[in-house]
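Below, each chain spelled out in residue letters.
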Amino acid sequence: MVQDTEISSPRINRRRVLQSVGAAGVVGLAGCLEGDEPAEEDDTGIGEEDVDPGEIVEGGTLRVGIGANADSFDGPYSTDTTSTLVQSVVFESLTITDSEGNLYPWLAEDFEVAETQDIERTDYEPYMRTVEAVEEGALPIEEQEIIRHPEDAVPEEGDEVRTLLFEDAEDAVDDGVFGMRIRYNLREGVEFHNGEEMTAEDVIASYDRLKLSDNAAQYFDSTLYYEAIDEYTVDIYGQLPDAEGARELPPMYVYPKELAELPPNDLDPRQGNDPIGTGPYVFDEMEDEQYVEYEKNDNYWVEQMGVDSLDWFEGDDDFPDGPVIDRIEMEIIPDDATRSGALQNDEIDVTTGLTRATLDDFDASEDFEVAGVETGGYEYFQPPIRVEPWDDQRLRQAFNHLVPREQIVENVLAGWARPAWTMIPELAQGAGTTDAQALEEELRPYNEYDPEQAEELAQEVFDEYGIEAPLEVTLEVNADNDDRVQMVELVAESMEQTGLFETEIETFEWTTYVARVLDPEYAERGVIGCIGLSGTFNPHSFCDALHHSSNHGACCNLSGVSFDWLDEMLDNARYGAEVAEDPDLRRERYDEIWRELEELAASAITHFDLQTSVRHESVKGWGQFPFHEGYLNYALFAPQDEQVIYIDE
């Protein structure tokens, strides 16, 4: 259940995706990915189908098997991909992307980067207030912190810290101190499911909901301020010139104001508040841990206005104005073998996250179709960088050499993935490296399985620390992902074969495990955690989420990686007028980051997943989006790629 057991970062964005595999089997795709010859370009991904609008059948119910319970419908307070999945058919955003990461206006009729200024964080010092740090350097403030003075980034108890709060940011904006301003002109006449029209007031309230939320750190690392200009116009300000600003600054979803003002975690039917959005489906009912059901929105704004009202739409004249399937029923089936059986027994129509061996069986059957594209989803280990002797990078490098990436892909994943020789997948290479092939040739030796090199590095550390082998090590993973558990077992076996380590594996139920690894104190436990992360088209997501100090205790710096020099390198690859205006310079800076991260060895990324789904052959027109949290709403209706599915039984 790889896709159902990833944590997600909603700020992670989409740039490029491998859509280049023709209509061969997915195993063939894996062969192309791993082989010497590049995959042949094609218009569709593997197992995907073009749609003839004249053949579309309207109506029916799509039964979807999902691998985990929806933790929350409250976007700012949910971090797992399944929660985002169940939210995605109800709520919508100001912008959308196609499967290659190109950005399109959606609830916003249009948007533009209106102003960009060469601003640095120290320019906000006149607007900052001084706060005395308390225990463990925490600041006793109840408002959203926007910017902390760079010189005060890691305070100790009693230190005075200069910080900019949201209300201070308004003064800075009034004085013309901001990095960039993007104006969003909202589409008039868009109604929520309750019949109320969406206005700028709802957008502002939705952004307010992000303050101090579980996802606040990922939004307010770049957002400075936002304000309504009139009923249908919103300006969002960035702290600095931001190369990803147009994609990163808008709020994740737009909620009606009364929902946006609910207490934290209360935007959920289990709290008595049904989700209400502008999306193509209306929440019907749910039984916790059992199912979630939706009815088609008969007042969907795209249908009311017509798909031709989207200025950028250049598709077929007969392309439908909205999704054509009447009802969505999501069955929660955590066990992948049970989910596979439900598909074979015609109890569900489509599912994801089946074990890789199972995919081969479905791929060989005439009754089912398997679709897949390389995604930004990846699995990674993080050694406890703050705990001796793992604070020595030679030991972490030794561990990295004991991760058998090729065996993991071949033996555990049956070829349905690609070993991670660098930390950047194909879909993010466009903005994230000057030369992907050269980068891989340079960095692959860091990640090759090499027990001899590992033993040499580890023994050096043992000798200096006076450690007598074997060193006891605990590896942790969620129990409800068979592939991932097998992967951890393989790594543990590899460590023990050196005679230098004695390993123990502990497993936890998914939601328990997520809470455990995102606890800031996890970094002090001295264990090696393993988890999956759903990335995006933005190369920043593959280095910042795991290694920027601001993401410790959030998503997804589990081991508390914290270095000022690294934070600065990460920030300088995305923020500032130079990289915002010069994509080549940005790529060069990311190349330096990838090199430094391999030396640091704070994380061991094992492989890049294929985002796969299996469906009955009666589900026609399937297009596979490269990220789990967005695959269903994309398949149902995505005019940006002329994507729509229907049921033909």
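Below is a short write-up of the structure. Sequence order as written defines residue numbering, which begins from 1 separately in each chain. Confidence filtering applies because this is a predicted model: local features only for residues at pLDDT of at least 70, side-chain atom pairs given and counted only at 80 or more, and all residues used for totals across whole chains, interfaces and linings. Only hydrogens and water are set aside; all other atoms, that is, all heavy atoms of the structure, feed into the side-chain values.

Overview of helix α21 (residues 583-600)
Okay, so step 1: The terminal C-alpha atoms of α21 lie 26 Å apart, and with 18 residues this matches the ideal 26 Å at 1.5 Å per residue to within 8%.
Okay, so step 2: Whether two residues are in contact is decided by their heavy atoms: any pair within 4.5 Å suffices. Helical segments are the DSSP runs of H or I of at least four residues, strand segments are the runs of E of at least two, and each set is numbered from the N terminus. Buried residues along α21 sit against α11 (393-401), α13 (429-432), α14 (436-447), α18 (544-547), α19 (564-574) and α20 (577-581).
Okay, so step 3: The N-terminus of α21 is capped by Asp 582, whose side-chain oxygen sits 3.1 Å from the backbone nitrogen of Asp 584.
Okay, so step 4: The positive-phi residue at the C-terminal boundary of α21 is Ala 601, with phi of around 55 degrees. Here the expected span of a helix is defined as 1.5 Å times the quantity of residues minus one. Pairs of N or O atoms are called polar contacts if they sit within 3.5 Å, as long as, within protein, a hydrogen donor faces a hydrogen acceptor (for residues adjacent in sequence, only side-chain-to-side-chain pairs).

Focus on a negative patch on the surface
Okay, so step 1: Patches here are clusters of residues that have more than 30% relative accessible area and form no salt bridge, with a 9 Å joining cutoff for like charges and a 5 Å cutoff for nonpolar side chains (Val, Leu, Ile, Met, Phe, Trp, Tyr). Accessible surface is estimated by sampling points in the Shrake-Rupley manner with a 1.4 Å probe; for residues, cover comes only from the protein chains shown. A pairing counts as a salt bridge when a side-chain nitrogen of Lys or Arg comes within 4 Å of a carboxyl oxygen of Asp or Glu. For the purpose of charge, His is not counted, nor are the chain termini; Lys and Arg are scored as positive and Asp and Glu as negative. Think of each charge as sitting on NZ of Lys, CZ of Arg, CG of Asp or CD of Glu. Together, Asp 52, Glu 55, Asp 308, Asp 316, Asp 317, Asp 318, Asp 321, Glu 642, Asp 648 and Glu 649 give the surface a local cluster of negative charge.
Okay, so step 2: Along the chain, Glu 649 turns up in the segment after β25 (646-647).

A look at the sheet that holds strand β10 (residues 223-230)
Okay, so step 1: Read across the sheet, 4 strands follow the order β5-β9-β11-β10 without closing on themselves; strand pairing throughout is antiparallel. Pairing within the sheet leaves two strands with one partner each, and these edge strands are β5 (108-116) and β10. Strand after strand, the sheet turns through a mean of 20 degrees between neighbouring axes, direction not considered.
Okay, so step 2: Two strands qualify as a pair provided DSSP detects at least 2 bridges between them. As judged from the 7 bridges shared by β5 and strand β9 (residues 180-186), these two strands associate in the antiparallel manner. By the bridge assignment for β9, Val 113 is matched with Ile 182.
Okay, so step 3: An axis is simply a line fitted to the C-alpha atoms; with a helix, the fit covers only the stretch in contact. Between two such axes, the angle follows the N-to-C directions and lies from 0 to 180 degrees. Sheet contacts for helix α3 (residues 166-174): β10 and β11 (233-238); angle to β10, the most-contacted strand, approximately 70 degrees.
Okay, so step 4: Together, β9, β10 and β11 form the strand contacts of helix α4 (residues 200-210), whose direction differs from that of β10 by roughly 160 degrees.

Quick notes on the packing of α11 against helix α15 (residues 451-465)
Okay, so step 1: Two elements in contact, α11 and α15, have axes whose closest approach is 8 Å; the angle formed by their N-to-C orientations is 155 degrees. The angle between α11 and α15 places the two elements in the roughly antiparallel class. Crossing handedness for the pair α11 and α15: left-handed. Counted together, Arg 394, Leu 395, Gln 397, Ala 398 and His 401 of α11 and Pro 451, Gln 453, Ala 454, Leu 457, Ala 458, Glu 460, Val 461, Phe 462 and Glu 464 of α15 form the full contact between these two elements.
Okay, so step 2: Residue type decides the class: Asp, Glu, Lys and Arg count as charged, Ala, Val, Leu, Ile, Met, Phe, Trp, Tyr, Cys and Pro as nonpolar, and the leftover types, Gly among them, as polar. Classifying every residue of the contact of α11 with α15 gives 8 nonpolar, 3 polar and 3 charged. Oblique is the label for any angle not covered by the other classes, which are roughly parallel (under 35 degrees), roughly antiparallel (over 145) and roughly perpendicular (65 to 115). Two helices that cross are described as forming a left-handed crossing if the nearer one is turned anticlockwise from the farther one by less than a right angle, and a right-handed crossing if clockwise.

Considering unusual backbone geometry
It is generally the case that most residues other than glycine have a negative phi and that most peptide bonds are trans.
Okay, so step 1: Pro 389 follows Glu 388 through a cis peptide bond whose omega is 5 degrees.
Okay, so step 2: For Pro 389, the location among the structural elements is in the loop between β16 (368-382) and α11.
Okay, so step 3: For the peptide bond that leads from Ala 469 to Pro 470, omega is 5 degrees, which places it in the cis range.
Okay, so step 4: Structurally, Pro 470 can be placed in the loop between α15 and β18 (471-478).

Here's the deal with the packing of α11 against α21
Okay, so step 1: Two numbers describe how α11 lies on α21: the axes approach to 8 Å, and their chain directions differ by 95 degrees. Between α11 and α21, the angle is such that the two are roughly perpendicular. Residues Gln 393, Arg 396, Gln 397 and Asn 400 of α11 lie in contact with α21, whose contacting residues are Glu 598, Glu 599 and Leu 600.

Structural notes on helix α17 (residues 510-517)
Okay, so step 1: Every buried residue of α17 is accounted for by Trp 510, Tyr 513, Val 514, Arg 516 and Val 517. Viewed along the axis of α17, the buried residues span an arc of 160 degrees, placing them on a single side of the element. Only protein chains enter the area calculation, which uses a 1.4 Å probe; residues under 20% of their type maximum are buried, those over 50% are exposed, and those in between are partly exposed. It is the directions from the helix axis to the C-beta atoms that the arc portrays.

Considering the nonpolar core
In summary, soluble globular proteins display a tendency toward joint burial of nonpolar side chains.
Okay, so step 1: Here the nonpolar core consists of buried residues drawn from Ala, Val, Leu, Ile, Met, Phe, Trp, Tyr and Cys, with membership extended through side-chain atoms lying within 4.5 Å. If you look at the biggest cluster of nonpolar residues, it comprises 140 residues, and the most contacted ones within it are Leu 62, Leu 224 and Tyr 294.
Okay, so step 2: Looking at which element gives the most residues to this core, the answer is α4, with 6 residues.
Okay, so step 3: Beyond its immediate chain neighbours, meaning those up to four positions away, Tyr 294 contacts Phe 73, Val 86, Val 89, Val 90, Tyr 281, Val 282, Phe 283, Asp 284, Asp 326, Arg 327, Ile 328 and Met 330.
Okay, so step 4: With 33 residues, the next largest nonpolar core counts Leu 395, Leu 413, Ala 417 and Leu 490 among its residues.

What about the environment of Val 89?
Okay, so step 1: Tracing the chain through its elements places Val 89 in the loop between α2 (81-87) and β3 (95-97).
Okay, so step 2: Residues Val 89 and Ile 528 lie 439 residues apart in sequence; the distance between their C-alpha atoms is 36 Å.

Some details on the side chain of Thr 433
Okay, so step 1: By the secondary structure assignment, Thr 433 is in the loop between α13 and α14.
Okay, so step 2: At 3.3 Å, the side chain of Thr 433 and the backbone nitrogen of Asp 435 are in polar contact.

So, the pairing of β18
Okay, so step 1: For β18, a buried count of 7 out of 8 residues is recorded, marking the element as mostly surrounded by other parts of the structure.
Okay, so step 2: As defined by bridge partners, β18 adjoins strand β19 (residues 501-508) across 8 bridges and the pair is classed as parallel. Each bridged residue has a counterpart across the sheet, and for Glu 472 the counterpart in β19 is Glu 502.
Okay, so step 3: Seen with its strands pointing away from the viewer, a crossover is right-handed if its path from the first strand over the helix to the second goes clockwise. Each parallel crossover has a hand, and for β18 linked through helix α16 (residues 482-497) to β19 it is right-handed.
Okay, so step 4: Note: β18 against strand β20 (residues 528-534), 2 bridges, orientation parallel. Looking at the pairing, Leu 475 lines up with Ile 528 of β20.

Notes on the packing of aromatic side chains
Okay, so step 1: Pairing of aromatic rings covers Phe, Tyr and Trp, the last counted by its six-membered ring, and requires centre-to-centre distances within 6.5 Å; plane angles under 30 degrees mean stacked, over 60 mean edge-to-face, and any other angle means tilted. What the rule picks out here adds up to 35 aromatic pairs.
Okay, so step 2: Arranged with centres 4.9 Å apart and planes meeting at 80 degrees, the rings of Phe 362 and Phe 368 form a pair that is edge-to-face. For the pair Phe 362 and Phe 368, a shared accessibility class is recorded, and that class is buried.
Okay, so step 3: One aromatic cluster in this structure is built from Phe 166, Phe 178, Tyr 207, Tyr 219, Phe 220, Tyr 225, Tyr 226 and Tyr 237.

Any functional reading would require information beyond the geometric quantities listed.
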